[in-house]
Amino acid sequence: MTLPVEFHDIAKRVNNWGRWGADDEIGTLNLVTDDVVRAAAAEVRTGRRVPLALPLREDGVQSGLIPGRVNPLHSMVQINQEIFGPGTVACSDDVVTMGLQAGTHWDALTHVSHSGKLYNGRPAGTVTAHGGAEFSGIDKARHIVSRGVLLDVARARGVDRLPGGHAVTPQDLEAAEELAGVRVRAGDIVLVRTGQMQVYLAGDKQGYGHPSPGLSLRTPEWFHARDVAAVANDTLTFEIFPPETDDLWLPVHALHLVEMGMLQGQNWNLEELSTACGQEGRYAFLLSAMPEPFVGATGTPVAPVAVL
């Protein structure tokens, strides 16, 4: 099915192809300059650290909705084994098989394509079965540290959790900005809280996946206008699911990753951070969200930490 005119119109308005040169592979992470990081470090006042990752476990968030995206399978390959002979130091080792986007993760710019293209106009065919992503694999995003800003949309709307059919709008983002008393600026990493994570934490894996609130088709232009470096939220699909427009699946993914070259993250647990920001009365912090450098991968697990 051909993508609608509305999608292509938005794509033209947010497109960053060539903005940082024809060879660029990291997109809006170029906005995280040394000056941005120095300013982000100044947000640390108390040193309070808030982890944002879900535990990696066999009974994780994946329910089979996304084919092949399996929860972590953890196995021991040796247990207290004296590998250098009797009486020597004993070792225990383990292995994990998992989808790289199974838990709290970043999507690489190559995670989706549309119209046969990836970010910066590269052919979708440069992602192959044996080599993975030839360009813009997650390993190219070598460091992700910047000012983080929590836009607590649920709290700004006076609820613990947005309803499943709620499509987050630019007006919602601005209301959350007002609540936070902060303005999103160039190079920031924005975390959007819907409260949907509460469903998973309560044990309802199916209900967590859908129906789910999420980012609407109107929000990419807002992030583009603010020169945001990356966006993450507390849902399985990131954008509203089922989609707000019939048969238009994952349009926000395509606009962010392909057109803008902006990383996005899913399954971030923002509940403790929401409490901490509310207690301290500030919603900006130093955010470390380093990707695991899997060469050629289209996504990666991440264990982000906000430092207030």
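For the structure, see preceding data.
Model, not experiment: these values are computed from the prediction.

**Student:** What exactly am I supposed to notice about the side chain of threonine 237 here?
**Tutor:** Note that threonine 237 resides in the loop between β11 (230-233) and α8 (251-260). Excluding its chain neighbours within four sequence positions, the residues that come into contact with threonine 237 are His253 and Gln266.

**Student:** Help me understand the pairing of strand β9 (residues 189-193) in this model?
**Tutor:** Counting buried residues in β9 gives five out of five residues, a clear majority hidden from the surface. Both faces of β9 are covered, namely the face carrying Ile189, Leu191 and Arg193 and the face carrying Val190 and Val192. Bridging between strand β7 (residues 145-152) and β9 involves five bridges; their strand directions are parallel. The residue of β9 that forms the bridge with aspartate 152 is arginine 193. Here β9 pairs with β11 via four bridges, running parallel.

**Student:** Looking at this structure, how should I read the packing of helix α1 (residues 5-14) against α8?
**Tutor:** Relative to each other, α1 and α8 sit at 35°, their axes nearing to 10 Å. The element α1 and its partner α8 pack so that their crossing is right-handed. Side by side, α1 and α8 meet where Phe7, Ile10, Ala11 and Val14 of the first sit next to Pro251, Ala254, Leu255, Glu259 and Met260 of the second. Its residues assigned to classes, the contact of α1 with α8 comprises eight nonpolar, no polar and one charged.

**Student:** Looking at this structure, how should I read the layout of surface pockets?
**Tutor:** Once rolled over the atoms, a probe with the size of a water molecule shows which space is left empty. When its volume is computed, the largest pocket comes out at roughly 200 Å³. Together, Ala53, Leu54, Leu56, Met98, Leu100, Thr104, Met290, Glu292, Phe294, Pro301, Val302 and Ala303 line the largest pocket. Among the residues making up the lining of the largest pocket, the classes are represented as ten nonpolar, one polar and one charged. Reported here for the second largest pocket is a volume of approximately 160 Å³. Lining the second largest pocket, in full, are Leu65, Ile66, Arg69, His111, Leu236, Thr237, Phe241, Leu250, His253 and Gln266. Tallied by class, residues from the lining of the second largest pocket come to five nonpolar, four polar and one charged.

What counts, and where the lines are drawn
Residues numbered from 1 in each chain as written. Predicted model: local features only at pLDDT ≥ 70, side-chain atom pairs only at ≥ 80, totals over all residues. Heavy atoms only, no water. Helix = DSSP H or I, 4+ residues; strand = E, 2+ residues; numbered from the N terminus. Contact = heavy atoms within 4.5 Å. Buried < 20%, exposed > 50% of the residue type's maximum accessible area, 1.4 Å probe, protein only. Pairing = 2+ DSSP bridges. Axes fitted to C-alpha atoms, helices over the stretch in contact; angles between N-to-C directions. Left-handed = near helix turned anticlockwise from the far one by under 90°. Nonpolar A, V, L, I, M, F, W, Y, C, P; charged D, E, K, R; others polar. 1 Å grid on protein atoms, 1.4 Å probe; cavity = no way out; pocket = protein on both sides within 12 Å on 5 of 7 lines; lining within 4 Å. Points joined across faces, edges and corners; volume = space filled by probe spheres on them.

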